[in-house]
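Examining the three-dimensional arrangement
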2 protein chains.
Amino acid sequence: MRVTYRELHGVLLAVLTRAGLDPSRATLCARLFADASRDGVASHGLNLFPRFVRMIRTGVVDVAARPERVAAHGALERWDGSRGPGNLNAHHSMERAIALSREHGTGCVALANTNHWGRGGNFGWQAADAGVIAICWTNTLANLPPWGATEARTGNNPIVVAVPRADGHVVLDMALSQFSYGALASYRMRGEQLPVAGGFDARGELTRDPAAIEASRRPLPIGFWKGSGLSIVLDMIGALLSGGRATCDVATDAEEETGLSQVFIALDGSALGGSAGAARVADRIIEHLQSPDGTGERVRYPGERTLETRGRNLREGIPVEPSIWQAVQTL
Amino acid sequence: MRVTYRELHGVLLAVLTRAGLDPSRATLCARLFADASRDGVASHGLNLFPRFVRMIRTGVVDVAARPERVAAHGALERWDGSRGPGNLNAHHSMERAIALSREHGTGCVALANTNHWGRGGNFGWQAADAGVIAICWTNTLANLPPWGATEARTGNNPIVVAVPRADGHVVLDMALSQFSYGALASYRMRGEQLPVAGGFDARGELTRDPAAIEASRRPLPIGFWKGSGLSIVLDMIGALLSGGRATCDVATDAEEETGLSQVFIALDGSALGGSAGAARVADRIIEHLQSPDGTGERVRYPGERTLETRGRNLREGIPVEPSIWQAVQTL
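Attention here is on the structure that accompanies the text.

What counts and what doesn't
- Residues numbered from 1 in each chain as written.
- Chains lettered and ligands numbered in written order.
- Predicted model: local features only at pLDDT ≥ 70, side-chain atom pairs only at ≥ 80, totals over all residues.
- Heavy atoms only, no water.
- Helix = DSSP H or I, 4+ residues; strand = E, 2+ residues; numbered from the N terminus.
- Rg over C-alpha atoms; globule rule 2.2 N^0.38 Å.
- Buried < 20%, exposed > 50% of the residue type's maximum accessible area, 1.4 Å probe, protein only.
- Contact = heavy atoms within 4.5 Å.
- Areas by Shrake-Rupley, 256 points an atom, 1.4 Å probe, with all protein chains shown as cover.
- Pairing = 2+ DSSP bridges.
- Axes fitted to C-alpha atoms, helices over the stretch in contact; angles between N-to-C directions.
- Buried area = accessible area lost by both parts, 1.4 Å probe.
- Salt bridge = Lys/Arg side-chain N within 4 Å of Asp/Glu carboxyl O.
- Parallel < 35°, antiparallel > 145°, perpendicular 65-115°, else oblique.
- Nonpolar A, V, L, I, M, F, W, Y, C, P; charged D, E, K, R; others polar.
- Core = buried A, V, L, I, M, F, W, Y, C linked by side-chain atoms within 4.5 Å.
- Least-squares fit on C-alpha atoms with pLDDT ≥ 70 in both.

Along chain A, the regular secondary structure elements total 11 helices and 11 strands. Since a compact globule built from 331 residues should have a radius of gyration of about 20 Å, the 20 Å found for chain A is in line with a globular shape. With 331 residues in all, chain A has 60% of them scored as buried. Partitioning the intrachain contacts of chain A with sequence separation of at least 6 by distance along the chain shows that 63% fall at a separation of at least 24. For chain A, the accessible area works out to roughly 12100 Å², and carbon and sulfur atoms hold 50% of it.

Spelled out as structure tokens, the structure:
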């Protein structure tokens, strides 16, 4: 089932308005959820929306809360998300990091006390649309055993890296687990094995069986010990700079996951000169990556599929899961 | 065979002085090589040193060249490494990023036209010793097939992330390949299989056989498609911000690898307040990671083994490969 972007946005906007967001914030919040579905990330768009509304109703998310700057030193700022809507807090923080980078060349906003940011890639596209390079990440509840442990003691801490480009931004949006629990469930429901090992089974052996990993609760970090280390340092930087919580401080139930820490770094190289040549560098890298190498496969750059999916969904409508689409309309 | 730090440094210093570095630069350059061996990374310390000296003699590395600032915008600066010694250029760039972060809260130096930085972790320890958080990376020659390709068209682009901590800094230093060619050779020479799949064999199957990967030249990026994407965006940001070369512009012979692009980001959160609490956050994360979980294994935080190795090597002497140690003394 497919719906137009306008329909999708309108339904989400109506729900958010009823939930108490004021009009401009409801419009942006709905757009960020709708953009995720439009770009092929329904898991962080429409499909995440019912949980978001439940978390408003249980008081975990405070729709009236606005982010507040609590400390600043030049191009580095610390903000308190006040447990407001996570995607609005993150959007505001990236906007602020962009503004700092215009003034100082680079800017960094560390955000404490916020909520799940939805689809992290949104904030990469936001920066790239503004012509700015960005690196941002969030910590999460504990959902990933660090290397050497069997229990989830770190987060999959998604990181987004964005590079603006005239012919399509390059935006990497990845969690530090090899497969999310959502992805594991999708493979299981399709009756498929994972393309590569995604975690450990109950006996502690690497496995491509998604159900075995769901049962053991032992998904793999990307690169085994390497992604585990990256997850740990990103959590640490987020909590240190924001003055907020680390993964070990966050509730382990997804519907109670709050008080997250995030970091938004923007880099505006436009004042350094050479921007025409610089633009060609990104194009040249992509051309080189994609020149035929005899295997018949084509290397994709990060964000390429996003643009293709976005184009098709805007032409043909955005796929929605009918049961979720129905349920959302009655929220 | 083990030698004292003083012996190791003295021998390297003498060679560098003969090679034409002036005294203070020779001292620092020797220290950076010696520190790598001291910390257990001989592959990027003593064992890399003969190649470095050869590259001075062939003119790839210009010992007289100093980095020059070519553009600046507030906390963001672009420097030209002028093909000087890579570790000196990188050390200077991190020093400059640290200084910018003291003034602006955050600082970023993009460095073009430089050489192999040796052990990247040095620059993470440098920042952490200065009390500053750092993220830095380098591009490299093409040594890694991006996901979907069989040819090396991206670099393993090592990234370093450092967090200062009173009881031992947390420093992640990792290339974006799962195993370096040096690591593959070590496993092969010990007659061991890799602990996890490290690349593809000639038939295109994932394998733990190091020799098969050396033969196919198809090592794996960390996290498969994820590390591949990260490698691409880091290369792009380095070339864009520095105005320098991307991996696709760099010679593919290691002894001719030059004109690299690097990025050094420093974040000084000390002016934001709450530093005592912030210090406890890092300790609390580590305590949580390392609390027993019934498996008998202990999670290591990034940098923990480095400190252990450093301590042992300073007490017992630094292990050196006798043939390399002899050869270096006659350089």
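With that out of the way, let us pick up the sheet that holds strand β5 (residues 133-138) of chain A. As summarised here, the arrangement of the seven strands in space is β2-β3-β4-β10-β5-β6-β7 (chain A), forming an open sheet in which the pairing is mixed. Looking along the sheet, the strands with just one partner apiece sit at the ends: β2 (68-73) and β7 (170-174) of chain A. Adjacent strand axes in the sheet meet at a mean angle of 10 degrees when their direction is disregarded. The pairing of strand β3 (residues 76-80) of chain A with strand β4 (residues 106-114) of chain A spans five bridges and is classified as parallel. Directly across from Arg78(A), in β4(A), lies its bridge partner Ala110(A). Strand contacts of helix α8 (residues 225-242) of chain B: β5, β6 (159-163), β7 and β10 (260-267) of chain A, with the helix running at about 140 degrees to β7(A), the strand carrying the most contacts.

Before going further, it helps to spend a moment on the sheet that holds strand β3 (residues 76-80) of chain B. The strand order across the open sheet built from seven strands is β2-β3-β4-β10-β5-β6-β7 (chain B), with neighbouring strands paired in mixed fashion. Among the strands making up the open sheet, the edge pair consists of β2 (68-73) and β7 (170-174) of chain B. The sheet shows a mean angle of 10 degrees between the axes of neighbouring strands, direction not considered. Across five bridges, the pairing between strand β6 (residues 159-163) of chain B and β7(B) is antiparallel. Looking at the pairing, Val161(B) lines up with Leu172(B) of β7(B). In the packing of helix α8 (residues 225-242) of chain A onto the sheet, the strands contacted are β5 (133-138), β6, β7 and β10 (260-267) of chain B, and the crossing angle to β7(B) comes to about 140 degrees. Across the sheet, helix α5 (residues 121-129) of chain B is in contact with β5, β6 and β7 of chain B; its angle to β6(B) comes to roughly 20 degrees.

This next bit is on the interface of chain B and chain A. Between chain B and chain A, the contact holds 81 residues from the first and 81 residues from the second. When chain B packs against chain A, close to 6900 Å² is buried across both sides, 73% of that on carbon and sulfur atoms. Three residues stand out in chain B for area buried against chain A, namely Arg153(B), Lys226(B) and Leu272(B), and they jointly supply 11% of the buried area on that side. Between the two partners, chain B and chain A, sit two salt bridges. Between Arg284(B) and Asp249(A) there is a salt bridge, and its shortest N-O distance comes to 2.5 Å.

All names here are of chain A. In the contact formed by helix α2 (residues 23-38) and helix α4 (residues 86-104), the axes pass within 9 Å of each other and the chain directions differ by 95 degrees. The angle between the axes of α2 and α4 places the two elements in the roughly perpendicular class. Where α2 abuts α4, its residues Arg25, Leu28, Cys29, Arg31, Leu32 and Phe33 lie against Asn87, Leu88 and His91. Among the residues making up the contact of α2 with α4, the classes are represented as five nonpolar, two polar and two charged.

Okay, the nonpolar core next. Counting 74 residues, the largest nonpolar core has Trp137(A), Met236(A), Ile265(A), Trp137(B), Met236(B) and Ile265(B) as its most contacted members. Dropping the residues within four chain positions of it, Ile265(B) is found in contact with Ile135(A), Leu267(A), Thr106(B), Gly107(B), Cys108(B), Ile133(B), Ala134(B), Ile135(B) and Trp137(B).

Looking now at the relation of the copies chain B and chain A. Of the transformation superimposing chain B on chain A, the axial component is 0.0 Å and the angular component is 180 degrees, with the fit at an RMSD of 0.0 Å. Both copies of the chain, as the preceding transformation shows, are related through a two-fold rotation axis. Within chain B, Gly223(B) has its C-alpha nearest the rotation axis, a separation of 2.4 Å. Interface overlap between copies is the fraction of interface residues in one copy that are interface residues in the other; for chain B against chain A it reaches 100%, indicating a shared surface.

Looking now at the pairing of β4(A). All names here are of chain A. Across the nine residues of β4, eight count as buried, placing the element largely inside the fold. Pairing of β4 with β10 involves seven bridges; the strand directions are antiparallel. Counterpart to Leu111 in the pairing with β10 is Gln262.

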